[in-house]
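Here is what each chain is made of, one letter per residue.
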Amino acid sequence: MASENSPLLAYRLLGDEGSAFPASGAGGPGGTSPRKLSTFLGVVVPTVLSMFSIVVFLRIGFVVGHAGLLQALAMLLVAYFILALTVLSVCAIATNGAVRGGGAYFMISRTLGPEVGGSIGLMFYLANVCGCAVSLLGLVEAVLDVFGADATGPSGIRVLPQGYGWNLLYGSLLLGLVGGVCTLGAGLYARASFLTFLLVSGSLASVLVSFVAVGPKDIRLTPRPGTNGSSLPPRFGHFTGFNSSTLKDNLGAGYAEDYTTGAMMTFASVFAVLFNGCTGIMAGANMSGELKDPSRAIPLGTIIAVAYTFFIYILLFFLSSFTCDRILLQEDYGFFRSISLWPPLVLIGIYATSLSASMSSLIGASRILHALAQDDLFGVILAPAKVVSGGGNPWGAVLYSWGLVQLVLLVGKLNTLAAVVTVFYLVAYAAVDLSCLSLEWASAPNFRPTFSLFSWHTCLLGVASCLLMMFLISPGAAGGSLLLMGLLSALLTARGGPSSWGYVSQALLFHQVRKYLLRLDVRKEHVKFWRPQLLLLVGNPRGALPLLRLANQLKKGGLYVLGHVILGDLDSLPSDPVQPQYGAWLSLVDRAQVKAFVDLTLAASVRQGAQHLLRISGLGGMKPNTLVLGFYDDAPPQDHFLMDPAFSEPADGTGEGGSPALSTLFPPPRAPGSPRALSPQDYVATMADALKMNKNVVLARACGALPPERLSRGSWSTAQLHHVDVWPLNLLRPRGGPGYVDVCGLFLLQMATILGMVPAWHSARLRIFLCLGPQEAPGAAEGRLRALLSQLRIRAEVQEVAWGEGAGAGSPEEEEEGDFVNGGRGDAEAEALALSANALVRAQQGRGSGGGPGGPEGGDGGEGPATALTFLYLPRPPADPARYPRYLALLETLSRDLGPTLLIHGVTPVTCTDL
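Because the structure is predicted, anything quoted here is derived from the model rather than measured.

Novice: Help me out: how do you make sense of a nonpolar patch on the surface in this one?
Specialist: Among the surface-exposed residues, L195, L199, V209, L341, W342 and I348 lie close enough to one another that they form a single nonpolar patch of about 570 Å² accessible area. Counting residues per element, the nonpolar patch draws most heavily on helix α7 (residues 186-213), at 3 residues. Mapped onto the secondary structure, I348 falls in helix α13 (residues 343-375).

Novice: Sorry, what's going on with the pairing of strand β11 (residues 867-873) here?
Specialist: Regular strands place their side chains on alternate faces of the sheet. Within β11, 7 of the 7 residues are buried, leaving the element largely enclosed by the surrounding structure. The pairing of strand β8 (residues 723-727) with β11 spans 5 bridges and is classified as parallel. Counterpart to H723 in the pairing with β11 is T867. By the bridge criterion, 4 bridges tie β11 to strand β12 (residues 901-905) in an arrangement that is parallel. Bridge assignment links F871 to a residue of β12, and that residue is L902.

Novice: In this structure, what is going on with the pattern of salt bridges? I would like to understand it.
Specialist: Pairs may arise between side chains of opposite charge once their charged atoms sit close together. Within this structure, the stated rule accounts for 6 salt bridges. We note a salt bridge from R701 to E892, for which the minimum N-O separation is 3.0 Å. Of this pair, R701 sits in strand β7 (residues 696-701) while E892 sits in helix α27 (residues 884-894), and the two are 191 residues apart along the sequence. A salt bridge links D725 to R767; its shortest N-O distance comes to 2.9 Å. Residue D725 is located in strand β8, and its partner R767 is located in strand β9 (residues 765-772); the two are separated by 42 residues in the primary sequence. By the burial criterion, D725 is buried, and R767 matches it. Here the salt bridges share partners, and the residues they tie into one network are D633, R701, E892 and R896.

Novice: Help me understand helix α1 (residues 39-52), please; the structure alone is not making it clear to me.
Specialist: Because an α-helix completes one turn every 3.6 residues, residues spaced three or four positions apart along the sequence face the same direction. Between its first and last C-alpha, α1 extends 19 Å over 14 residues, near the 20 Å set by a 1.5 Å rise per residue. With 12 of its 14 residues buried, α1 lies for the most part within the structure. In this fold, the buried residues of α1 make contact with α2 (55-58), α3 (60-94), α7, α10 (294-323) and α13. Backbone geometry just downstream of α1 places S53 in the positive-phi region, at approximately 50°.

Novice: Mind showing me how you'd approach the side chain of K695 here?
Specialist: In this fold, K695 is placed in the loop between α23 (680-692) and β7. K695 gets classed as buried once you look at its relative accessible area, which sits at 13%. In terms of polar contacts, K695 uses its side chain to reach the backbone carbonyl oxygen of P624, at 2.8 Å. Other than its neighbours up to four places away in sequence, K695 contacts L614, P624, N625, A690 and V907.

Rules and cut-offs
- Residues numbered from 1 in each chain as written.
- Predicted model: local features only at pLDDT ≥ 70, side-chain atom pairs only at ≥ 80, totals over all residues.
- Heavy atoms only, no water.
- Patch = residues over 30% accessible without salt bridge, like charges linked within 9 Å, V, L, I, M, F, W, Y side chains within 5 Å.
- Areas by Shrake-Rupley, 256 points an atom, 1.4 Å probe, with all protein chains shown as cover.
- Salt bridge = Lys/Arg side-chain N within 4 Å of Asp/Glu carboxyl O.
- Helix = DSSP H or I, 4+ residues; strand = E, 2+ residues; numbered from the N terminus.
- Buried < 20%, exposed > 50% of the residue type's maximum accessible area, 1.4 Å probe, protein only.
- Pairing = 2+ DSSP bridges.
- Expected span 1.5 Å × (residues − 1).
- Contact = heavy atoms within 4.5 Å.
- Polar contact = N/O pair within 3.5 Å; in protein donor to acceptor, adjacent residues only side chain to side chain.

Set out below in structure tokens:
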């Protein structure tokens, strides 16, 4: 069908060479630059270097000396606990679809919308800009501590002039080096980062070896600033080697004045310094546009980096506590150099970590800015950041960011900037947790990340922890950042932004009370938040109770409306017969324990009433998109009220509170052979009307055969294994057509997946049958289908079955959809095809999963778990109404003796692979 389009079709799922999906969004929002970086070079290396920064070399002694080993370990555990909560959210979002350039900004904006996402993205960009400046200022200070003319240390070389102007010059020169590397592209940056990683690893290795190899020694301490060191006797700290007494002395806290600033240290101030050195978990996510497989690389690389840095910090804390007395720890933060076997290697590590952190911040800032510019949220002010090189490197954004870093360097206040940077990072982390929390609370069917080690509890705790840490580190900066975020959000709201990203707020509002219903906007609907909204037409609920409960399971938190048509003409009636019946239907909903609304109408025919209900049911964004009908066959109706314990009532015909029993409010089921309110012609016409209105259609047959456990709200025993079979191909059209990637086939897969999310169906195994034509080689189509299922995060068994032999001499180009029901073939041939298709489906029911792809060569596999429910592709009704009875007869033949069966025709896109 020309109108049945899906975002998945653009991916050419059934292309040549078995390529199911390209790397969606390669190279960032524009999709122009190639993805080259591996998990190690693109995520692990930059994240490790960012999380180490200069703290690992110059602040280990500060933390352990003031807080003691026990409190230092507690601080580290708390810091990494907060970071781990955010990492879990990042992993969940990154594995829920294709991640493009922009890292955390892309994740936040595509989840929370452009207003919140754009404001936080800009703040995250400023955090990276300021973080680059902080790293450069720290590097300048580290260089001048040794080579500066005013250096006070005993081993200072004192060759570089100092002062504000000189310091600015040194910072600008280093920024030029960093900017040059980043301007030349991510490949050079990755190689430079890897070289830096080797230098830092070598330096850390030398430090660890020195703890063991160096014997006890006294280390002369640097005089405190502002004192005349020449008039005071020299002071010494002691490196004792591994000594239990030293460890015992360092267990407890001993907060004192910081010898570099003179300020009195507390738990909060020391924790702030430690935490500031660990806020680099997004360095790998910022490179999402250059990663080969960001959905795999970001979670895997980030977790590896966090675990590695945590282990190194723990190890350094223990070694320092075992070997250094408290005086050395508190009075010489750079004691690694004093105890090292080769002190210059420690200096190399200090300089390398600072340089790598600045490079990581600058290239991360440029990628975020480029993504912001591509999304055009801030207009022409960011237009220069859209410029990219021939290789896809956003050098315009790099130069833009380089200029801003240069402006920040003019401030030259390292301590002030450090607090602001940390707070801005925490805002971004809280936003990532909030994004994941929103997706989890929205319970959208398309939010099924392959990373499952998270929950809404971890997300909520992550948000609260980040907010608490913001105000603990700097209340002023925290309040200012939240105010800035609010102003930017208001600006973007007033300016307007793209609505094609999808708004998680629309999914969340679906669960809210009536007063929020008016805020649901159909113009902001997005395929990734699609959910089934069902209108189930019920003639008599006595015979439709199993279908009523099955439809309740299929709705996945969506709108569920029970529709009933009362035949009559209001002009000839003294009063409206509809209103008095609402009470009985609402009681039915309560007794059946389904979450459904009730909508009744009065019409001259059932077909006209169905049209009324399809048009007017629901409000705003909560309107039915799927019509569910019971199957039209000759099976005698059953009275399920008599068999269901929930509808058992006293023999005197009274219900609770003396009200009439529910069984007395609905007429008994239709007697076999009695006339029906709906003719076969109108039944098919009702289906055709729904499709004309762009509604999906579901026909349910033999649902009364479903075990009561499958229709309950609880989980069924996993010992009773059953299959849910899906045939996403028009079995009445064996040749030609779009195959498995048309909208209807995807709709079947989505509905079967949704049913598997219900606790009562968790134990059922999803099987998808791939029908092969006579000229089709086994295996190729199965590989493409498995790639599709992997992208859709659907777990299912795929089985190939032979189908299509003797389908006729016509070419696929000559066939039109539904030709077996539109007169393209003879009645006998169409009936034979329907019988053959029915036999094919029945042959697979109850077949074990251990056999081959089907057919005699595959073996029967023995008697395996039975099929609990079958999903079949429902062909469109014929264009000629005169052929409606023949069409219905073919459907009856196709689904005969298959047990519980859903015949489905979907016309709306329901799923996508993007984030």
